[in-house]
Structures are given as structure tokens and as C-alpha cells.
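Now for the letters of each chain:
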Amino acid sequence: LKQLKFPPTAPLPAAFPPGTFLMMLFLPSVVMALLLKTALDDARLLTVPDGVPAPADLLDWRPFGLVLLWLLFQALLYVLPVGKVAEGMPLKSGKRLKYRINGFYALLASVAAVGVALHQEVDLSYVHAHFLQFFASAALLSALLSVWLYVRARALPGEDLAPSGNSGFLLHDFFMGRELNPRVGAFDVKFFCEMRPGLIGWLVINFSMLLAEMKVQKLDSPSPAMLLVNIFQFLWVADGLWHEEKILTTMDIVHDGFGFMLAFGDLVWVPFTFSCQAYYLVSHPNDLSVFWMVAIISVKAVGYYVFRKANSEKNNFRRNPADPALSYLKTIPTATGKSLIVSGLWGVVRHPNYLGDLLMGVAWSLPCGFNHVLPYFYLIYLLLLLIHRDARDNHQCRKKYGSAWDEYCRVVPYRIFPKVY
Ligand code: NDP
């Protein structure tokens, strides 16, 4: 989810970093444009919205307060002594930070909170009606959070700083994030933001869109298209939170500082762009035949199977290559002592997990039909992201494994799509 890195391994800027500055303007503008256009009846890519709302119209104390309340609620769930405590990867100092792994419980508690709100007849479609204000509030809070992160990092010792976010150029460091693991006591701000308010918030947004659809389209029950989008994305987030501990080995947690890039990505980009299909369906209904529904569910099921099996197989193999349960795998030894899997899904393409993720993205978008490209925003973004990520990984693996990697590429020539790419 957290690949808003442009470029991912940026060399230090020579002077004022215009790229970073443009990116800080570009990212919020993209989200704003997506939201404004998706709300139009004629939601074509090239349609120009009537105008951009004035800042005074975008900032409303009520949505702002609700976003703040949501962050506090999730923070409260995060600090509850429920769930196991896991250790992160060793830091430069050799120390390993401890993380409370209770994301799945936070999801269950959030579902219960939404249930209570419904029972109390709270109108959750309010989120849809004030979506731009919610977006602006989240963007403002992510900017304020980034300022706080930048300022507090000034007094830190070198070992707490992220290599990528300490060039000495304010804007660059503000964007990339100076501190590696900002914490208030045991509360890890980066880990919290990566997995909780944005991801679970995305599901609440989707659900509010479902209620808004019923209201706007005067339906007694949600449309099948809206239901599919809600269920698919709920399952994806639930799966991610179920496997929450695995994020501790990702680049975001291990290498990246926590600055505007990740704060905006976690709190704004994910909830407000990944919900594009549900937002679109509120005002652009799309009937689905039973045949289409079965086809879409099948794509999702195949995508999930490929995604989960590929990731689990590799993770289990990396954790314990001698596991007898994995003895069926064929492997290529490398000079580093690690081996590369060359059979099963990892023998079909070099990134079957990306293929599975993309198939799921297809299944999320298809319920919106083919009238407009906007509900395919996530899919297009994911495709570009994963192609870029694959190229970077390929480069790193070639450096790491040398001729063994070349041999793997010879045996498994396709990167993501069998016989295509
Ligand atoms: P991978 O999980 O594919 O990790 C790549 C690493 O796996 C390589 O560097 C190498 O590391 C190891 N590896 C590669 N090939 C083999 C092999 N044949 N056998 C054994 N090990 C191998 O990549 P990501 O971390 O990029 O992605 C993880 C998941 O997250 C994917 O499913 C992806 O789709 C998803 N994702 C989703 C995003 C979203 O926004 N939806 C964004 C980014 C990722 P080593 O050898 O050192 O172990």
C-alpha cells in the first residue's frame, strides 16, 4: 500500500528540490481532481469540474472533528493491551522495537462501533455528502502531523534518523521523513498510521457510500455492484490486518523515515483514492447480470488465491527453508546461502503475488462497468506501481544474487503476466 515514493531511492538533492515541491502539490491535487470528477454525472477523464471549492468551503469543523475523533478512537484501540507483542527488525543499534499486533481486533471493534452508530440512527451517509471536507480535513491533519514529526526530529541522535530523510534540505526531509520510528512512549506513530486509521477508515468510507447509494438511488437495499466492492475491499483489509505482523519487515517500516510522503499516503491517499469505486457507484449505478457477478467473483477468488498462496509460500520458505511441508518446492541455490523458488507459482512468473493483487484490483473495478475510466484509478495506479516495484526488485536481486538471479530469469522469463510481460 505504501509506495508513494517518487523516486523510491532518491539521491540527495543538490539544492532546492523542485521535484519534491511539485510532488507535495501534485499528490493532494490528484486526490482532489479524482473526487471532483467522480462526483460529476459526466465523469469522463477529460471533463473539467465546474470549479475548485474555496478553502473556506473545504474546511468545516464538523468533518474535521470527526476525522480527529476517528484518529483518537483508532489510537485508543491501538494502545489496548490486546493481541500479541512482536519484535521489529534489528535497528542500527542492534535493538529491536516491540510492536503491539492488534489490528484485526481494531477492525472488529470498528465494525462494532459502526453497528452501534447505525443502531443509534446516525446518518453515516454524511461522509459521502461531505466527502471533500473529509478529504481536506485528513490532508490538513497529515500536514500538521508531518510538521510535528519534522520538528521533533531536530533533537534526535543520528541512530534514530532515517538515511533517506536527512539531507539538510528542509522540504526534502519534510517529505521523506527524518525520524525512522517516531514514538511517544510505546506508541509507534508510523506503524499505527500505516495499518489503522486510513485502512479501516477506507472501509467506513465504503460503507457510507453504500448507504449514500441507497439514499441517492432510492433503493431498499444496496446494489449488487456496491455490495461486491464493499465485500471485496473489506476482505482485502481484513486479510492485511490478520497478517499485520508481516509489515514489520517491509521497506516502509525498516528503512523509510516518517514524513509527509507516508503520512499523506496513509491518511489521505489510501482512504480517499482506494474508495473510488464505491464513491463512483453512488451516482453512477451499474446493473450486473448474474453471469457478470459470477465472473467478477471468480476473478477475485483466483486473484486472492494467487496473492495469498504466493506470498505465504515465499514468506514461509524464507522463514524456514527446511520446512518439510515445503519440500515439494524446486529451488536454485545462491551464493548468499538463500535459495530462490523456481516451481509452483514462483515458476510461472517472477512476481505471482503482484499478479494476484492486480487480479483483485480488476475485480474491484469491474462492478463499475465500462462507461468511465475513473473507477479504474486504483487499478491503473497499482499497475504502474507494481511494474516500477518489479523493476526495482529485479535490479536489487540481480545485485544480491548475481548469476543465480540470471539463471532464475532464464528459467522464469516473465515478470508479472505469463507470456506477456
Ligand atoms: P515481494 O514480496 O515479491 O518481495 C520481493 C523479494 O522476495 C525479493 O527482493 C527477494 O527477497 C524475494 N524473492 C523474489 N523472488 C523470489 C523467489 N523466486 N524465491 C524466493 N524469494 C524470492 O515484493 P513486495 O514486498 O513488493 O510485495 C509484497 C506484496 O505486497 C505483494 O503481494 C504486492 O502485490 C503487495 N503490494 C501491494 C501494494 C498495494 O498498494 N496494493 C503495494 C506494494 C506491494 P529476498 O531474497 O531477500 O528474500
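Everything numeric here is computed off the predicted structure, so don't read it as measured data.

(A) Representation of the overall build of the protein. Regarding its fold elements, the protein presents 17 helices and six strands. Taken against the 2.2 N^0.38 rule, which gives 22 Å for 421 residues, the C-alpha radius of gyration of the protein at 22 Å falls within 12% of a compact globule. A principal-axis box enclosing the C-alpha atoms of the protein has dimensions of 65 × 60 × 45 Å. By residue count, 51% of the 421 residues in the protein fall in the buried class. Sequence-distant contacts, at least 24 apart, represent 76% of the contacts inside the protein between residues at least 6 apart. When the accessible surface of the protein is summed, it comes to about 19,800 Å², and 67% of that surface belongs to carbon and sulfur atoms. Side-chain charges of the protein comprise 37 positive and 30 negative groups, with the mean position of each set lying 9 Å from the other.

(B) Local environment of the site of the ligand. Among the 24 residues in the neighbourhood of the ligand, the closest are listed as Arg318, Tyr354, Arg389, Asp393 and Tyr401. Contacts to the ligand include Lys314, whose side-chain N or O atom sits 3.1 Å from an oxygen atom. For the shell around the ligand, the element with the highest residue contribution is helix H16 (residues 377–401), accounting for eight residues.

(C) Structural detail: empty space enclosed by the protein. Under the defined criterion, the tally for this structure stands at one cavity of 30 Å³ or more. Here the largest cavity is characterised by a volume of approximately 40 Å³. Lining the largest cavity are Arg350, His351, Asp390, Asp393, Asn394 and Trp405. Among the elements that line the lining of the largest cavity, the one with the most residues is H16, at three residues. Taken together, the residues of the lining of the largest cavity break down into one nonpolar, two polar and three charged.

(D) Fine view of the domain arrangement of the protein. Domain annotation of the protein identifies domain 1 (16–88 + 97–286) and domain 2 (288–421). Taking only C-alpha atoms into account, the centre of domain 1 sits 26 Å from that of domain 2. Across the contact, 30 residues belong to domain 1 and 29 residues belong to domain 2. Taking both sides of the interface into account, the surface hidden between domain 1 and domain 2 amounts to around 2,600 Å²; carbon and sulfur atoms contribute 71%. On the domain 1 side of the contact with domain 2, Phe232, Trp236 and Tyr280 bury the most area, a combined 24% of that side's loss.

(E) Structural context of the pattern of salt bridges. Taken as a whole and assessed by the stated rule, the structure comprises twelve salt bridges. Close ionic contact of Lys84 with Glu245 constitutes a salt bridge, the shortest N to O distance being 2.6 Å. Residue Lys84 is located in strand S1 (residues 84–87), and its partner Glu245 is located in the loop between helix H10 (224–242) and helix H11 (251–254); the two are separated by 161 residues in the primary sequence. Residue Lys84 is classed as partly exposed on the basis of its relative accessible area, which comes to 47%. Since its relative accessible area comes to 33%, Glu245 is described here as partly exposed. Its salt-bridge partner being Asp188, residue Arg183 comes within 2.8 Å of it at the nearest N-O pair. Per residue, the accessibility class of Arg183 equals that of Asp188, and both read buried.

(F) Layout of helix H12 (residues 260–273). Over its 14 residues, H12 extends only 17 Å from the first C-alpha to the last, a length that falls short of the 20 Å expected when each residue adds 1.5 Å. Maximal helix bending in H12 amounts to about 35°, located at Asp266. Of all 14 residues in H12, 14 are buried, a share of seventy percent or more.

(G) Spatial organisation of the packing of helix H3 (residues 61–79) against helix H6 (residues 131–152). Running from amino to carboxyl end, H3 crosses H6 at an angle of 55°, the nearest separation of the two axes being 8 Å. The angle between the axes of H3 and H6 places the two elements in the oblique class. Considering the relative orientation of H3 and H6, their crossing is right-handed. For the pair H3 and H6, contact is made by Pro63, Phe64, Leu66, Val67, Leu68 and Leu71 and by Gln133, Phe134, Ser137, Ala138, Leu140 and Leu141, respectively. Classifying every residue of the contact of H3 with H6 by side-chain character gives ten nonpolar, two polar and no charged.

(H) Quick peek at the layout of surface pockets. Within this model, the second largest pocket holds a volume of roughly 770 Å³. In terms of lining residues, the second largest pocket is bounded by 27 residues, among which Leu66, Trp70, Val127, Phe134 and Val204 are the most central. Looking at the lining of the second largest pocket, the elements that each hand over two or more residues are H3, helix H4 (103–119), helix H5 (126–129), H6, helix H9 (197–216) and H12. A total of seven residues in the lining of the second largest pocket trace back to one element, the largest contributor, which is H3. Of the residues assigned to the lining of the second largest pocket, the class counts are 23 nonpolar, two polar and two charged.

(I) Representation of the environment of Val412 in the model. Residue placement: Val412 occurs in the segment after helix H17 (403–411). If sequence neighbours within four positions are ignored, Val412 has contacts with Trp346, Gly347, Val348, Val349 and Arg350.

(J) Here's a closer look at the packing of aromatic side chains. Per the counting criterion, the structure on display carries 27 aromatic pairs. Arranged with centres 5.1 Å apart and planes meeting at 65°, the rings of Trp405 and Tyr408 form a pair that is edge-to-face. Taken together, the residues span about one helical turn, with Trp405 and Tyr408 both in helix H17 at a distance of three residues. Overall, Trp405 belongs to the buried group, its relative accessible area being 6%. The class of Tyr408 is buried, set by a relative accessible area of 2%. A connected cluster of aromatic rings, assembled from ring pairs, spans Trp202, Trp236, Trp269, Phe274, Trp364, Phe377, Tyr378 and Tyr381. The ring of Tyr150 has Arg178 lying over it, and the distance from NZ or CZ to the ring centre is 5.5 Å. Above the ring of Tyr99, the side-chain terminus of Arg183 is found at 4.9 Å from the ring centroid.

How each quantity is defined
Residues numbered from 1 in each chain as written. Predicted model: local features only at pLDDT ≥ 70, side-chain atom pairs only at ≥ 80, totals over all residues. Heavy atoms only, no water. Helix = DSSP H or I, 4+ residues; strand = E, 2+ residues; numbered from the N terminus. Rg over C-alpha atoms; globule rule 2.2 N^0.38 Å. Buried < 20%, exposed > 50% of the residue type's maximum accessible area, 1.4 Å probe, protein only. Contact = heavy atoms within 4.5 Å. Areas by Shrake-Rupley, 256 points an atom, 1.4 Å probe, with all protein chains shown as cover. Lys, Arg positive; Asp, Glu negative; His and termini not counted. Charge placed at Lys NZ, Arg CZ, Asp CG, Glu CD. Near = heavy atom within 4 Å. Polar contact = N/O pair within 3.5 Å; in protein donor to acceptor, adjacent residues only side chain to side chain. 1 Å grid on protein atoms, 1.4 Å probe; cavity = no way out; pocket = protein on both sides within 12 Å on 5 of 7 lines; lining within 4 Å. Points joined across faces, edges and corners; volume = space filled by probe spheres on them. Nonpolar A, V, L, I, M, F, W, Y, C, P; charged D, E, K, R; others polar. Domains from an automatic or database assignment. Buried area = accessible area lost by both parts, 1.4 Å probe. Salt bridge = Lys/Arg side-chain N within 4 Å of Asp/Glu carboxyl O. Expected span 1.5 Å × (residues − 1). Bend = angle between axes of the 7 residues up to and from the residue. Axes fitted to C-alpha atoms, helices over the stretch in contact; angles between N-to-C directions. Parallel < 35°, antiparallel > 145°, perpendicular 65-115°, else oblique. Left-handed = near helix turned anticlockwise from the far one by under 90°. Phe/Tyr/Trp six-rings, centres within 6.5 Å; stacked < 30°, edge-to-face > 60°. Lys NZ or Arg CZ within 6 Å of the ring centre and 35° of its normal.

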